[in-house]
Amino acid sequence: MRYVLAALGLLLTVACGPGEAAAPPVNADDVMFVQMMVQHHRQGIEIAKVGADRATTPELRTLTEAIAATQQSEVEMMLRWLHAWGQPLTPPDGAHDHHGGLPETEQKKIDALRKAKDPEPELMALLIAHQGDAARMAGTEVLDGANPEVMRWAAQVQASRREQIEQLRKLLER
């Protein structure tokens with residue numbers, strides 16, 4: 001009987017296969033960061049598209065086109081994460097303020113950029129501030145997040161936005 005039970009136990013173990021790997025952890029900071037970055041990126045895309053349409057400096061036009069394309073891809077990735085986690089795509093009203101959120105870029109500044117006679121200096125200043133906010137938000141996620149994939153991506157955001165800021169400052173100094 002012992003042998004029969006041992007054989008049954010072995011069969012059950014083989015039939016069930018290895019246990020499912022545990023899903024990576026996700027905490028409230030991960031969720032809030034991703035929800036807020038979706039909104040932040042959408043504004044960044046809007047600003048970058050204005051830049052791509054209005055910039056006359058080839059380097060600035062290329063940079064703004066790259067920002068728009070990259071951030072659109074990142075928005076899609078973040079929405080997939082939120083869906084996989086079973087979380088709302090947007091944070092609750094007022095959640096931004098309670099989590100140390102930075103102020104959004106004012107829509108009137110984006111609208112003014114569309115009408116500016118010489119849009120490049122305004123565009124660069126607006127993007128420097130906007131990308132700086134993204135780097136700060138990403139830094140908070142690196143410190144407080146739990147999901148390794150999101151934290152890795154946040155570190156990449158931090159580095160890439162700082163590099164973009166440096167490129168923009170050099171263009172602004174010309």
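Quick look at the pattern of salt bridges
Item 1. Taken as a whole and assessed by the stated rule, the structure comprises 6 salt bridges.
Item 2. Its salt-bridge partner being Arg174, residue Glu59 comes within 3.4 Å of it at the nearest N-O pair. Of the two residues, Glu59 sits in helix H3 (residues 58–85) while Arg174 sits in the segment after helix H7 (148–173), which places them 115 residues apart along the sequence.
Item 3. Judged by relative accessible area, which is 67%, Arg174 ranks as exposed.
Item 4. Put simply, Arg114 and Asp111 hold a salt bridge, and the shortest N to O gap is 3.1 Å. Of this pair, Arg114 and Asp111 both sit in helix H5 (residues 107–115), 3 residues apart, which is roughly one turn of the helix.

Some details on the packing of H3 against H7
Item 1. Relative to each other, H3 and H7 sit at 165°, their axes nearing to 12 Å. Here H3 is positioned roughly antiparallel relative to H7, judged by the angle of their axes. As H3 runs across H7, the sense of the crossing is left-handed. Where H3 abuts H7, its residues Glu59, Leu60, Leu63, Ile67, Gln71, Glu74, Met77, Met78, Trp81 and Trp85 lie against Glu149, Val150, Trp153, Val157, Arg161, Gln164, Gln167, Leu168 and Leu171.
Item 2. Residue classes in the contact of H3 with H7 are distributed as 12 nonpolar, 3 polar and 4 charged.

Quick notes on the nonpolar core
Item 1. Counting 20 residues, the largest nonpolar core has Phe33, Val34, Met37, Met78, Trp81 and Trp153 as its most contacted members.
Item 2. Looking at which element gives the most residues to this core, the answer is helix H2 (residues 28–54), with 8 residues.
Item 3. Among all residues touching Met78, those that are not within four sequence positions of it are Val34, Met37, Val38, His41 and Trp153.

A word on H7
Item 1. Taking 1.5 Å per residue, 26 residues should reach 38 Å; H7 reaches 38 Å between its end C-alpha atoms and fits that length.
Item 2. By the burial criterion, the buried members of H7 are Val150, Trp153, Ala154, Val157, Gln158, Arg161, Gln164, Ile165, Leu168 and Leu171.
Item 3. On the buried face of H7, the contacting elements are H2, H3 and helix H6 (119–144).
Item 4. N-capping of H7 is provided by Asn147, with a side-chain oxygen placed 3.0 Å from the backbone N of Glu149.

Cut-offs used in this document
Residues numbered from 1 in each chain as written. Predicted model: local features only at pLDDT ≥ 70, side-chain atom pairs only at ≥ 80, totals over all residues. Heavy atoms only, no water. Salt bridge = Lys/Arg side-chain N within 4 Å of Asp/Glu carboxyl O. Helix = DSSP H or I, 4+ residues; strand = E, 2+ residues; numbered from the N terminus. Buried < 20%, exposed > 50% of the residue type's maximum accessible area, 1.4 Å probe, protein only. Axes fitted to C-alpha atoms, helices over the stretch in contact; angles between N-to-C directions. Parallel < 35°, antiparallel > 145°, perpendicular 65-115°, else oblique. Left-handed = near helix turned anticlockwise from the far one by under 90°. Contact = heavy atoms within 4.5 Å. Nonpolar A, V, L, I, M, F, W, Y, C, P; charged D, E, K, R; others polar. Core = buried A, V, L, I, M, F, W, Y, C linked by side-chain atoms within 4.5 Å. Expected span 1.5 Å × (residues − 1). Polar contact = N/O pair within 3.5 Å; in protein donor to acceptor, adjacent residues only side chain to side chain.

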